[in-house]
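Tertiary structure, described
Residues per chain, in single letters:
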2 protein chains.
Amino acid sequence: MVQSTSNWSCGVASVMDIFGGKWKLNILWRISQHEGLGFNQLKREVEGITNIMLTRAIKTLVAENLIIRKELKVTPPRTEYYLTASAKSLLPIMAALNEWGKDNL
Amino acid sequence: MVQSTSNWSCGVASVMDIFGGKWKLNILWRISQHEGLGFNQLKREVEGITNIMLTRAIKTLVAENLIIRKELKVTPPRTEYYLTASAKSLLPIMAALNEWGKDNL
DNA sequence: CTGTATCCCCCCGGATACTG
DNA sequence: CAGTATCCGGGGGGATACAG
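Now for a quick tour of the structure. Not measured: the values here are computed from a predicted model.

1. Side note on the protein's contact with DNA strand D
Around DNA strand D, a shell composed of 20 residues is seen, among which A:Thr55, A:Arg69, A:Tyr81, B:Lys22 and B:Trp23 lie nearest. Sugar and phosphate atoms form 61% of the subset of DNA strand D atoms that lie within 4 Å of the protein. Taking A:Thr79, its main chain carries an N or O atom lying 3.3 Å from a phosphate oxygen of DNA strand D. Of all elements in the fold, only α3 (39–45), α4 (51–63) and β2 (78–83) of chain A together with α4 (51–63) of chain B reach the threshold of two or more residues within the surface near DNA strand D. No other element matches the four residues that α4(A) contributes to the surface near DNA strand D. By residue class, the composition of the surface near DNA strand D is nine nonpolar, six polar and five charged.

The following block contains the structure:
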């Protein structure tokens, strides 16, 4: 339990690389609140985001194994987004961060 | 304890605004490991950082009430840096983030 | 030792228009 | 509905030189 690692910041730095962007964290949060959201639903939830930014964020989140993209073969086309287990395990930590932010900012 | 807030991400977004930069988190960590570091000591600890980037990061961290800058009136001049209580309360969360990063990236 | 002053580049974030 | 293509501006990040 003693944090012996001298390079403590490396893991956090990786996390920051992933969530340093403007939208990805918010997107994860929205999906966690309502799994199976579609593209435009997600766009409405994440206020202010544009098509291109949402597309980019989704792509990287999928590549990082944080969300799952499920394409339904229907007309009109529909795609649903879900969190991976990795992303879900991150949520409690984010809740803690949220508390800290509210108390200290 | 139930996370009732619908705008959960707002607090986290503020945190990310603060730590989205490349250096600030690493600087906090170094100071936490060795309170009272001087400018050049800190520069050596935070590998790769330049004078100007360190200066900028320190300024914003002070402004955000995350570190304390203590200027000693001696020759040659010396300045020491310490964490505020706010910053210290953040460390356990960062440790959790670190664990997550190592397990999931 | 502890910083500041310039100058510069790259890339994130975005507006707009278009496509299957 | 679910994206892609193109173009662009601003700012974060940095190299270098200078200062108290």
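2. Topic: the environment of A:Pro92
Residue and element names in this part refer to chain A. Here Pro92 lies in helix α5 (residues 85–104). Pro92 gets classed as exposed once you look at its relative accessible area, which sits at 55%. Taking the C-alpha atoms as reference, Pro92 lies 30 Å from Leu72; in sequence the two are 20 residues apart.

3. Brief notes about the interface of chain A and chain B
The interface of chain A with chain B comprises 33 residues on the first partner and 33 residues on the second. Counting the surface lost from both chain A and chain B, the interface buries some 3400 Å², and carbon and sulfur atoms represent 71% of this. Linking chain A with chain B are zero salt bridges. Where chain A packs against chain B, one counts 10 residue pairs in polar contact (both at pLDDT 80 or more). Those elements that provide at least two residues to the side of chain A that touches chain B are α1 (8–19), α2 (24–33) and α5 of chain A. Tallying contributions element by element places α5(A) first for the side of chain A that touches chain B, with 14 residues. Looking at the side of chain A that touches chain B residue by residue, the class counts come to 19 nonpolar, 12 polar and two charged.

Conventions we followed
Residues numbered from 1 in each chain as written. Chains lettered and ligands numbered in written order. Predicted model: local features only at pLDDT ≥ 70, side-chain atom pairs only at ≥ 80, totals over all residues. Heavy atoms only, no water. Near = heavy atom within 4 Å. Polar contact = N/O pair within 3.5 Å; in protein donor to acceptor, adjacent residues only side chain to side chain. Helix = DSSP H or I, 4+ residues; strand = E, 2+ residues; numbered from the N terminus. Nonpolar A, V, L, I, M, F, W, Y, C, P; charged D, E, K, R; others polar. Buried < 20%, exposed > 50% of the residue type's maximum accessible area, 1.4 Å probe, protein only. Contact = heavy atoms within 4.5 Å. Buried area = accessible area lost by both parts, 1.4 Å probe. Salt bridge = Lys/Arg side-chain N within 4 Å of Asp/Glu carboxyl O.

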